[in-house]
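Remarks on the overall topology
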Amino acid sequence: MSTRAKKNLQREKIPYGAKKTKQVSVGMKSSNLKAESGSYRIIGGLWRSRRLNFPVIEGLRPTTDRVRETVFNWVSSEIHGAHVLDVFSGSGALGLEALSRGATKLTAIEKNKQAAVALQSNIDLLMQNSKSESVAKVIQVNALSYLKALKSNGSPVSESYDLIFLDPPFRKGLLEEVILLLDGHPMVKEDALIYVEREKEMASLILPESWSLLKDKVAGQVVYQLFRVRGQC
């Protein structure tokens, strides 16, 4: 595994679905979901050991307990009070783990309607009778189009983030695209942490000069890394 820095990259863009954006309604019923489902558990914090369901969808694979435990050990000193962006949220395992451990805001972006509805349902379930004062929202949207529109707009963004999760479906070229978009993006705070999860077979990953590698591990066929963003502002 190797990483190398390069700025102002030009890469061929790969389409990633529709451009329509909408926030998932809290009132949408779980009866809209297919019966087939998987589950994962939150492993630490306020909702420790809570088990949550997610729909079985091609390409959706929650980050494993082992990897999540390591990742949240890495960010433990900075998770409390953090504003978190989960770009390809899928099952929501990373974002909900962050809320459980003290993050105060979560924005979860998910293209698939079925997964987005399930994630909103899990958020509602966890927030019921909870002592947490965190705020969470799910946005059903093509993540790349959403980030691109905000970056090209030129207007100040209303929200920026301390911790960003990048765990896209494997082997679709999405990780390379989203890294290009986040380079200099106004939603990324200076000194933000960015977590990347990718397939081991990816020979290399071209990174912005402002990203410094802090942590790097391999678990089976998955490489997971933590970066610090410097000098964005």
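Conventions we followed
Residues numbered from 1 in each chain as written. Predicted model: local features only at pLDDT ≥ 70, side-chain atom pairs only at ≥ 80, totals over all residues. Heavy atoms only, no water. Helix = DSSP H or I, 4+ residues; strand = E, 2+ residues; numbered from the N terminus. Buried < 20%, exposed > 50% of the residue type's maximum accessible area, 1.4 Å probe, protein only. Contact = heavy atoms within 4.5 Å. Areas by Shrake-Rupley, 256 points an atom, 1.4 Å probe, with all protein chains shown as cover. Salt bridge = Lys/Arg side-chain N within 4 Å of Asp/Glu carboxyl O. Phe/Tyr/Trp six-rings, centres within 6.5 Å; stacked < 30°, edge-to-face > 60°. pLDDT = per-residue confidence, 0-100. Polar contact = N/O pair within 3.5 Å; in protein donor to acceptor, adjacent residues only side chain to side chain. Pairing = 2+ DSSP bridges.

1. Thoughts on the overall build of the protein
- Scanning the protein for helices and strands turns up five helices and twelve strands.
- Taken across its 233 residues, the protein has 50% of its residues classed as buried.
- At a minimum sequence separation of 6, the contacts of the protein that also span at least 24 residues come to 72%.
- Here the protein displays about 11500 Å² of accessible surface, and carbon together with sulfur accounts for 46% of that area.

2. Overview of unusual backbone geometry
- You will see that Arg171, though not glycine, has its phi angle at about 60°, which is positive.
- Examined against the element boundaries, Arg171 turns out to sit in the loop between β8 (161-166) and α5 (174-182).
- Under the relative-accessibility criterion, Arg171 is labelled exposed at 56%.
- The phi dihedral of Asp191 is positive, around 75°, even though this residue is not glycine.
- Along the chain, Asp191 falls in strand β9 (residues 188-199).
- Judged by relative accessible area, Asp191 falls into the partly exposed class, the value being 36%.

3. Here's the deal with the pattern of salt bridges
- Taken as a whole and assessed by the stated rule, the structure comprises 13 salt bridges.
- Linking Arg68 and Asp65 is a salt bridge whose minimum nitrogen-to-oxygen distance equals 2.7 Å. With Arg68 and Asp65 both in helix α1 (residues 65-74) and three residues apart, the pair spans about one turn of that helix.
- Exposure remark for Arg68: the relative accessible area of 1% places this residue in the buried category.
- A salt bridge links Glu159 to Lys105; the shortest N-O distance between them is 3.5 Å. One end of the pair, Glu159, is in the loop between α4 (143-153) and β8; the other, Lys105, is in strand β6 (residues 105-110), and 54 residues separate them in sequence.
- Through salt bridges with shared partners, a single network forms among Arg41, Asp65, Arg68, Glu69, Glu97 and Arg101.

4. Considering the packing of aromatic side chains
- What the rule picks out here adds up to five aromatic pairs.
- Ring geometry for Trp74 and Tyr224: centres 5.5 Å apart, planes at 25°, overall stacked. Of this pair, Trp74 sits in helix α1 while Tyr224 sits in strand β12 (residues 222-229), placing them 150 residues apart in sequence. As far as the burial class goes, Trp74 and Tyr224 line up, both buried.
- With a centroid separation of 6.1 Å and 80° between ring planes, the pair formed by Phe165 and Tyr195 is classed as edge-to-face.

5. Details of the confidence of the model for the protein
- When the pLDDT values of the protein are averaged, the result is 85; 84% of them are 70 or greater.
- This stretch, residues 1-35, has a pLDDT under 50; its non-local contacts, to residues over four places away or in other chains, come to 70 contacts.

6. Topic: the side chain of Asn142
- By the secondary structure assignment, Asn142 is in the loop between β7 (135-140) and α4.
- In terms of polar contacts, Asn142 uses its side chain to reach the backbone amide nitrogen of Ser145, at 3.1 Å.

7. Some details on the pairing of β9
- Most of β9 sits out of view: nine of its twelve residues are buried.
- Relative to β9, β8 runs parallel, the two being bridged by five bridges. Opposite Phe165, over in β9, you have Tyr195 as the bridge partner.
- Pairing analysis gives seven bridges linking β9 to β12, with the strands arranged antiparallel. Counterpart to Glu197 in the pairing with β12 is Tyr224.

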